[in-house]
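Next come the chains, spelled out residue by residue.
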Amino acid sequence: MAPRPNLRDMRSGLTPIFSELLPIHPLTRGSRTEQATSASVTDNFLISLEPATGEELWRGPVSDVDAAVSAARRAWAPWAARALTDRITVLRAFANTVRRDADTFADLIAREAGKPLWEARSEVDAVVAKVDIAVQAYAERTGKKKFDAGIGSSAAVRHKPHGVMAVLGPFNFPAHLPCGHIVPALIAGNAVVFKPSEKTPAVGEALVAAFHAAGVPADVIGCVIGGPEQGKALVAHPGIDGVLFTGSAQTGIAINRKLAANPGKIVALEMGGNNPIVVTDTPKLADAAAIIVQSAFATAGQRCTAARRLIVKDSVHDALMAELVPLARKLMVGDPLGEPQPFMGPVIDNDTAERLMESFVALMTGGGRVLLHMRRSLPDLPFLSPGIIDVTEVPERPDIELFGPLLQVIRVPYLDTAITEANNTRFGLVASLIGGSPEDYGRFWANIRAGIINWNAPTNGASSKAPFGGIGLSGNHRPAAYYAADNSAYPVASTEMDQPRAGLMVGVRP
């Protein structure tokens, strides 16, 4: 792979604002490690490596969680006291800050998360768009209401911010998904302590710096750098009023268990899925194959909405595989900044690549029939080609989220059998039906257990103007996206009179 400039070299070409956002520390790029993981904690420093090169991209000191929460608590009341229009103006300035330096921010996302530059650019666009969507959602979901409540009185419903919110972000969309919680929380008047994934701290720190550059006070949004220990400390901290989490089911369950005895903290869990995509009778098999590829292999399969299981009706199986397998074989896997742009970059680190390869082999030896071999072209870098394996004859198919470019195929005789198989999971994030009639989709929609149900669209096709979340191990019925406003403020009901007027009519001695 061709050498690329390091962050220090890039700085001279940046606009004045964004040059201050990049996380330049005394030591940035370093030597390539033999078996690099994307992040590690050394001597109280967190080090982030580029998945595509194994080279050090960033390092920074691990944060003091107590200090971050204390600062946020001091900053919260003045921020909440500011007019809503003022807070919205500041956040619109944030959107403009990101928009002005979109190319540089996208480059950082591509390098640290390992996603192709075209996809990183679409993530930056989503960050910019989030502000207007969140403003609209706040007005619709948490707007003020007032109505008559009887003689001389009225009733009102207004919303208050919770206080200090902890936002724990994932590595796969290190800017967009945290912003899905941060922006609504700030609009509502909360302070935020944001802990980015330990695998993408550079993007997290740059994101918080963009908020500060736009005028959000420094302690109203703070960044906690660290690994799992810092995350646990933040979740359990008594100064935190709510936890907004996006990540794995394992971590989400641990958070839920930790806070189960503390109903005063609102907890919103956005977790993963063992998502089914069902294909029934359709003449458009080439289109179906393209939808499946988008669903299973976009972001190298590292999306919570990625299709993990392809459930195919027998009548279309052979013809569909004749379209799908050659198309998946053509997908370009390569350097996120390379030209021509690849469809997929690497997975996040070598540990992930090794576990996915082990899972592929386990399915194969457990009775799976390989349709397209998953391959690792470079032993010391986490590039994986797409893998497709028929697991119809595997007696005990694991109900787990294999977070990478690995698609399992299951053959079934009927649509009703496909629906039963699709529901054979503890997760419930997203499901898609490809083909069929409106009546077929009606039956599918009515019987599938998922928070997102699509027809002739990818599993990872979800509008930011709709709620986003799942059930079961996929979430706790607190969806994000448009409904994130619900998690950022609580409703207060009031009965109000301009003068006290009351009397006791029953049970009073004369």
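Structure: see above.
Note that the coordinates shown come from a computational prediction; the quantities given were computed from them, not determined experimentally.

### Brief notes about the side chain of glutamate 50
- Inspection of the secondary structure puts glutamate 50 in the loop between strand 2 (45-49) and strand 3 (56-61).
- Given the relative accessible area of 1%, glutamate 50 is considered buried.
- Looking at glutamate 50, its side chain comes within polar contact range of the side chain of arginine 111, at 3.2 Å.

### Details of the side chain of glutamate 270
- Relative to the helices and strands, glutamate 270 resides in strand 10 (residues 266-270).
- One buried charge, glutamate 270, has no salt-bridge partner; the nearest side chain with opposite charge is arginine 478, at 9.0 Å.
- A polar contact of 3.3 Å, which involves the side chain of glutamate 270, links it to the backbone nitrogen of alanine 480.
- Beyond its immediate stretch of four places on either side in the chain, glutamate 270 contacts His181, Phe245, Thr246, Gly247, Phe468, Gly469, Gly470, Ser474, Arg478, Pro479 and Ala480.

### A few points about the nonpolar core
- If you look at the biggest cluster of nonpolar residues, it comprises 55 residues, and the most contacted ones within it are Phe297, Leu310, Leu320, Leu324, Ile388 and Phe444.
- Residues in contact with isoleucine 388, not counting those within four places in the same chain, are Phe297, Leu324, Val325, Ala328, Val370, Leu371, Leu372, Leu407 and Val409.
- Judged by nonpolar contacts, the second largest core, of 54 residues, contains Ile88, Phe105, Val131 and Leu186.

### Quick word on the packing of aromatic side chains
- This structure, assessed with the given rule, holds four aromatic pairs.
- Note on phenylalanine 94 and phenylalanine 211: the rings are 3.8 Å apart at their centroids and 5 degrees apart in plane angle, and the pair reads as stacked. In this pair, phenylalanine 94 sits in helix 4 (residues 84-100) while phenylalanine 211 sits in helix 8 (residues 201-214), placing the two residues 117 residues apart along the sequence. Taken individually, phenylalanine 94 and phenylalanine 211 each receive the classification buried, so the pair is uniform in this respect.
- Over the face of the ring belonging to phenylalanine 173 we find lysine 115, whose NZ or CZ atom lies 3.6 Å from the ring centre.
- The ring of tyrosine 483 has arginine 141 sitting right over it, with the charged end atom 3.6 Å from the ring centre.

### Brief notes about the pairing of strand 17 (residues 430-434)
- The buried fraction of strand 17 is high, at five of five residues.
- Here four bridges tie strand 17 to strand 18 (residues 452-455), and the two strands are oriented parallel to one another. Residue pairing for strand 18: valine 430 is matched across the bridge by isoleucine 452.
- Handedness of the strand 17-helix 15 (residues 438-447)-strand 18 crossover: right-handed.

Criteria and cut-off values
- Residues numbered from 1 in each chain as written.
- Predicted model: local features only at pLDDT ≥ 70, side-chain atom pairs only at ≥ 80, totals over all residues.
- Heavy atoms only, no water.
- Helix = DSSP H or I, 4+ residues; strand = E, 2+ residues; numbered from the N terminus.
- Buried < 20%, exposed > 50% of the residue type's maximum accessible area, 1.4 Å probe, protein only.
- Polar contact = N/O pair within 3.5 Å; in protein donor to acceptor, adjacent residues only side chain to side chain.
- Lys, Arg positive; Asp, Glu negative; His and termini not counted.
- Salt bridge = Lys/Arg side-chain N within 4 Å of Asp/Glu carboxyl O.
- Contact = heavy atoms within 4.5 Å.
- Core = buried A, V, L, I, M, F, W, Y, C linked by side-chain atoms within 4.5 Å.
- Phe/Tyr/Trp six-rings, centres within 6.5 Å; stacked < 30°, edge-to-face > 60°.
- Lys NZ or Arg CZ within 6 Å of the ring centre and 35° of its normal.
- Pairing = 2+ DSSP bridges.
- Right-handed = clockwise from strand over helix to strand, strands pointing away.

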